[in-house]
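Now for the letters of each chain:
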Amino acid sequence: MSLFKARDWWSTVVGEQEEFDQGCLCVADVDNSGNHKIIVGSYKGILRIYSPQPAKPGAAHHPEELILELQLQDPVLQVEVGKFVSGTEQLHLAVLHPRKLSVYAFSGTLGTVEHGNQYQLKLMYEHNFQRTACNLTFGGFGGVKGRDLICIQSMDGMLTFFEQESFAFGRFLPGCLLPGPLKYSSRTDSFITVSSSRQIENYKYQVLAIAADAESRQDSEQQKLGSGKRLTRDWMVNIGEQALDISIVSFNQAASSILVLGERNLFCFKENGQLRFMKKLEYNPSCFLPYTSVLEGTINTLIGNHNNNLLIYQDVALKWVAQLPHVPVSVHVANFQDLKGVVVTLSDAGHLQCSYLGTDPSFFQAPKVESRELDYDEMDKEMKELLKVIREATKSQDILHKAENDDDLKVAVSVAPSLDVISAADNTVDIAVPSISLKVTIWSRFSVHDVKLSVCVQSPLAVTQDQLRFTAIESGTSRDVTLSVFLKENFPPADLEEDAVVSYSIPTGVPRIVRCTFSLPLNLICQPIQPSKNAVHKITIDTNQPPVSLSTIFPDFLGESDDEQTNVLGFKLLSGATITLLASKTSSRYRVQCDQFEDLWLITKELIQRLEEYFVREGAKDFRCMFPGPLPLQEYFQLIDRHFELRINAEKYKELLSERAVQYRAIQRRLLTHFKDKTPTPLRNLDTLLDGTYRQLTALGDAAEENQANLYQVFTRLKSGTHLLVQLIGLWQNLSPDEMSILKATFLPLMQDSQELGWEECVDAAVTHLLRTCLSKSSRDQTLSLTSQLSMPKDTNRLKKHITLLCDRLSKGGRLSLTTDSAQQAATISGCQTIPESELEQRMTNSATDETCP
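For clarity, every value in this text was computed on a predicted model and none was experimentally measured.

**Student:** Lay out the sheet that holds strand β25 (residues 309-314) with the relevant residues and their values.
**Tutor:** Taken in spatial order, the 5 strands of this open sheet run β1-β26-β25-β24-β23, and their pairing is mixed. Whereas interior strands pair on both sides, the edge strands pair on one side only; in this sheet they are β1 (4-5) and β23 (285-292). Pairing between β1 and strand β26 (residues 317-323): 2 bridges, direction parallel. If you follow K5 over to β26, its bridge partner there is Q323.

Put into structure tokens, the structure is as follows:
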């Protein structure tokens, strides 16, 4: 940031919501009165001419400063002033449009009344183009005196020359891909441009004039083969970057030079292409203007950049920096009345400013500080309070903000006690699906802005609107949002614990996040049904408290016929599965049974939660649920195999689609060659082969989509089975909450599954890490291979062996921990003996084939 600011002499805003660029500003004596005027053209096609007058401090600008405003039909690309009309040496205005060039005569009439002078713009002639124009340059081409010829560069690299009212000729620049800045040097009678190859190229006017006519780019290419005079460059220099602008200057105290403003450098060349100097810029420039020579052999240059700064260089030495209120896209130096050297800048949004360099004296005086006696006791008390705050702040090294009880913003989610009377479900399931309403309340203690609410539910659950935005929430106010949640697919979710996340920004601009967890009711995904006596999969849960009637812990699932039979309940999921819950009348045992293993999870979790809540209300402090075993590893392994099989199928479909796509493109190329051939030849059944390949591609695409949908469903079922297995292991070995967190992070590392990073390789790496650290028994166990790069395995045998070994270690007293000395503690577990490696592998193999965990 500059220490000094450019002093505002006159400024205005040109139009509203208009765009401007480098060629939209010109400063010249357009009315031939001896004073400079400011000509501005916009991409909306509005032409304005200003005659700035110095305003008194605090006074508004005069309306008559805008002496002309004219709406043209086409956008204005560039405005220039020169001797463009034959028979006179008066200055005229040239306006470049995308498809035409218009030359106007601007004149004024002195007013005899208080309304002021009158100005008018008269069209002298126009030139229409067949190609879209990019920019123009003018000068006395060929050494003519007293008039200016015009050269138009089109977007395809063609130079079109006009001798004022008449068309002269057109030439294509060789190898042009995109047009660059173009300038004319009168001393060498040549044109300088920067091509898309990042090279400065110099073309002599005489070479352009005598070259053969090129009506098209094909004609230009034929010149290289010998038909016509070949267009050659006089010299060329590679600068290695794109150019923003070119300026050719010739001052009395400095030799004629070519200055090129690049993206990161300022170049100065001699007329023959030799480099005089180069200045590396530490910023992104936007425009430049070489304006004078103060010392012998030096050039002063104005450079504007995207940091709102205007820099003045004398060759490569920085002499002055002034701050502007905008980013300039064009800069000129003008002379108004008795004030010379006014810097005129224009931004892309239309901020036009006339300023000068300098400083204003500062009349600010610091107020006197009132002297008072120091209270050392009060200072000592304040110092102790500050030290206490510093110690509290340095205790935690957390990067994220730690929410306090009295935080800036709070979010609460209340779930409706009953299902919606009219379901808001928008699902693909053929059966009637209920929905339940959520009321999300956001309360803010302070004023916050950019508030975004995200309600995250696990698939296949869906919410009517998962994201909402609020511009601001005032202090002490709240916002309420009502949403509905429903089941969208024909299979149960893996969990009913959902999240509501609110992100916002406090007035200082610091972003914050608040999270709220809520539970959905079980009756959203299932309904009571008559219990089933037989089932394939059964799980028994023991407790250390007397048995409880199911009518007490599941009152919302009791039908009219279940008043007497309170030791058995039936649950039917919306997907069709039936789960039966039985309670023993004599012992503290509960059994959950179902034909599908993964569907046991939600009912088992709900049973454990409701039992814990019931005995907490009863005042029992030592309540605990237990699982006697054995662990259902074989049922769980079947889920893993099913999921892995679908992943293998997805890879096969991907390879087949790639092969058929290559074949399809090859057939297309062969057919295209036949169709381009002037002599018709037989297709040799290529059209039939193309149609068959297309049908195969369609069938493979449909099969891949169906496999992806099945993979998505099976992964959700795998997560349900994994939740159930983790819960049973925790009950089986009475794991602590910290150990349960480690176990969940090990078996549930991913919320979404993908081919690049799948569930099997992540879980295998995590289980292997536990076996090498906290569950290792000997140094041999620590040699288990752990690859640094996760990739899809060939099969699931290794993963199933490691899971079996993990359960075996836990059954022998192993504990899960992330501390550094956990491996040493695990090695001294009571009752554990070191097992030889051969015997360990044999035991792992045998364990994988048994129905129970050893």
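There's more to say after this.
**Student:** Explain the nonpolar core to me, and be specific about the residues and the numbers.
**Tutor:** Counting 100 residues, the largest nonpolar core has I442, L520, L522, I525, F571, Y636 and F747 as its most contacted members. Considering every element that reaches this core, the biggest residue donor is helix α5 (residues 600-618), with 9 residues. With residues near it in sequence (within four places) discarded, Y636 still touches F597, L718, G721, T722, L725, F747, W759 and I803. Counting residues in each nonpolar core, the second largest holds 17 residues, with I38, V344, L346 and L352 among its members.

**Student:** Describe the packing of α5 against helix α7 (residues 686-733), and please don't skip the residues or the numbers.
**Tutor:** Two packed helices can be described by the angle between their axes and the distance between those axes. Their axes nearest at 8 Å, the elements α5 and α7 cross at an angle of 40°. By the angle between their directions, the pair α5 and α7 is classed as oblique. For the pair α5 and α7, the crossing hand works out as left-handed. Residue-level contacts link L600, W601, T604 and I608 of α5 to S720, H723, L724, Q727 and L731 of α7. Class assignment for the residues of the contact of α5 with α7 results in 5 nonpolar, 4 polar and no charged.

**Student:** How would you summarise the pairing of strand β39 (residues 537-543) if you had to cite specific residues and measurements?
**Tutor:** On a regular strand, each side chain points to the face opposite its neighbour's, so the side chains alternate between the two faces of the sheet. Counting buried positions along β39 gives 6 out of 7 residues, so the element sits mostly inside the fold. Alignment of β39 against strand β42 (residues 589-594), held across 6 bridges, turns out to be antiparallel. The partner of H537 across the bridge, within β42, is C594. Bridging between β39 and strand β43 (residues 625-626) involves 2 bridges; their strand directions are antiparallel. The partner of T543 across the bridge, within β43, is C625.

**Student:** Tell me about helix α8 (residues 737-747), and please be specific about residues and values.
**Tutor:** Working note: α-helix, 3.6 residues per turn, so residues spaced by three or four point in the same direction. Every buried residue belonging to α8 is among E739, M740, I742, L743, T746 and F747, and all of these are buried. The arc that holds the buried residues of α8, viewed along the axis, is 160°, so those residues lie on one side. Pointing more than 90 degrees away from the buried face of α8 are the exposed residues P737 and D738. Looking at the buried positions of α8, the neighbouring elements they touch are α6 (633-676), α7, α9 (759-772) and α10 (797-811).

**Student:** For a nonpolar patch on the surface, give the residues involved together with the corresponding values.
**Tutor:** Taken together, the side chains of L374, Y376 and M379 make up a nonpolar region of the molecular surface, amounting to roughly 360 Å² of accessible area. Assignment of secondary structure puts M379 in helix α3 (residues 376-395).

**Student:** Report on the packing of aromatic side chains, specifying residues and quantitative values.
**Tutor:** Tallying each qualifying case throughout the model produces 25 aromatic pairs. Where Y614 meets F615, the ring centres are 5.1 Å apart and the plane angle is 80°; that geometry is what we call edge-to-face. For the residue pair Y614 and F615, the accessibility class agrees, reading buried in each case. Here F615 and F623 contribute two aromatic rings whose centre-to-centre distance is 4.5 Å and whose plane-to-plane angle is 20°, an arrangement assigned as stacked. When its relative accessible area of 17% is taken as the criterion, F623 is described as buried.

**Student:** Describe a negative patch on the surface, naming the residues involved and giving the relevant values.
**Tutor:** A cluster of acidic residues, D375, D377, E378, E382 and E385, forms a negative patch on the protein surface. Locating D377 in the fold gives a position in helix α3. What makes D377 exposed here is its relative accessible area of 65%.

**Student:** Tell me what's going on with the environment of G814, and back it up with residues and numbers.
**Tutor:** Checked against the element boundaries, G814 lands in the loop between α10 and α11 (822-827). Of the residues examined, G814 reaches a relative accessible area of 1% and is grouped as buried. Between the alpha carbons of G814 and L775 there is a distance of 5.9 Å; along the sequence they are 39 residues apart.

**Student:** Give a description of the side chain of N135 that names residues and reports values.
**Tutor:** For N135, the location among the structural elements is in strand β11 (residues 133-139). According to the relative accessible area criterion, N135 is buried, its value standing at 12%. Within the structure, the side chain of N135 is placed 3.1 Å from the backbone oxygen of G180, a separation counted as a polar contact. Leaving out residues up to four positions away in the same chain, N135 has contacts with Q78, L96, C151, I152, Q153, G180, P181 and L182.

**Student:** Any chance you could break down the pattern of salt bridges for me, citing the residues and the numbers?
**Tutor:** Within this structure, the stated rule accounts for 26 salt bridges. Ionic pairing is found between E271 and R187, a salt bridge with its closest N-O pair at 2.5 Å. A residue pair is termed long-range when its members are at least 10 positions apart, and E271 in the loop between β21 (265-269) and β22 (275-280) and R187 in the loop between β15 (182-185) and β16 (190-194) qualify at 84 residues. Using a relative accessible area of 25% as the deciding quantity, one classes E271 as partly exposed. What emerges from the salt-bridge pattern is a single network uniting E18, R48 and E69.

**Student:** How would you sum up α9? Please name residues and give values.
**Tutor:** Along its 14 residues, α9 runs 20 Å from first to last C-alpha, staying within 8% of the 20 Å computed at 1.5 Å per residue. Those residues of α9 that sit buried are W759, E760, E761, C762, V763, D764, V767, T768, L770 and L771. Summarising the contacts, the buried residues of α9 are in contact with α6, α7, α8 and α10.

**Student:** Describe the sheet that holds β15, naming the residues involved and giving the relevant values.
**Tutor:** Read from one edge to the other, the open sheet built from 4 strands follows the order β15-β16-β17-β18, with strand pairing classed as antiparallel. At either margin of the open sheet sits one strand with a lone partner, and together these are β15 and β18 (235-238). Within this sheet the neighbouring strands show an average axis-to-axis angle of 20°, counted without direction. Examined bridge by bridge, β15 and β16 share 4 bridges and lie antiparallel to one another. Directly across from L182, in β16, lies its bridge partner T193.

**Student:** Quick rundown of unusual backbone geometry? Include the residues and the values.
**Tutor:** A cis amide bond, omega 10°, links S459 with the succeeding residue P460. Along the chain, P460 turns up in the loop between β32 (448-456) and β33 (461-463). The peptide bond linking G629 to P630 adopts the cis configuration, its omega dihedral lying at -5°. By secondary structure assignment, the location of P630 is in the loop between β43 and α6. Positive phi, normally seen in glycine, also occurs at Q164, with a value near 60°. Note that Q164 resides in the loop between β13 (158-163) and β14 (166-172). Note on Q164: relative accessible area 2%, which makes it buried. Residues other than glycine seldom take positive phi values, yet R198 does so here, at roughly 65°.

**Student:** Lay out the environment of L582 in plain terms, naming residues and giving numbers.
**Tutor:** In this fold, L582 is placed in strand β41 (residues 578-583). Accessibility expressed as a relative area gives 31% for L582, which makes it partly exposed. Sequence separation between L582 and N567 is 15 residues; the distance between their C-alpha atoms is 5.7 Å. Among residues more than four places away in sequence, those in contact with L582 are L550, N567, V568, R589, Y590, R591 and Q593.

Rules used in this analysis
Residues numbered from 1 in each chain as written. Predicted model: local features only at pLDDT ≥ 70, side-chain atom pairs only at ≥ 80, totals over all residues. Heavy atoms only, no water. Pairing = 2+ DSSP bridges. Helix = DSSP H or I, 4+ residues; strand = E, 2+ residues; numbered from the N terminus. Core = buried A, V, L, I, M, F, W, Y, C linked by side-chain atoms within 4.5 Å. Buried < 20%, exposed > 50% of the residue type's maximum accessible area, 1.4 Å probe, protein only. Contact = heavy atoms within 4.5 Å. Axes fitted to C-alpha atoms, helices over the stretch in contact; angles between N-to-C directions. Parallel < 35°, antiparallel > 145°, perpendicular 65-115°, else oblique. Left-handed = near helix turned anticlockwise from the far one by under 90°. Nonpolar A, V, L, I, M, F, W, Y, C, P; charged D, E, K, R; others polar. Arc of directions from axis to C-beta. Patch = residues over 30% accessible without salt bridge, like charges linked within 9 Å, V, L, I, M, F, W, Y side chains within 5 Å. Areas by Shrake-Rupley, 256 points an atom, 1.4 Å probe, with all protein chains shown as cover. Salt bridge = Lys/Arg side-chain N within 4 Å of Asp/Glu carboxyl O. Phe/Tyr/Trp six-rings, centres within 6.5 Å; stacked < 30°, edge-to-face > 60°. Lys, Arg positive; Asp, Glu negative; His and termini not counted. Charge placed at Lys NZ, Arg CZ, Asp CG, Glu CD. Polar contact = N/O pair within 3.5 Å; in protein donor to acceptor, adjacent residues only side chain to side chain. Expected span 1.5 Å × (residues − 1).

In short, shape yes, function no, at least from these values alone.
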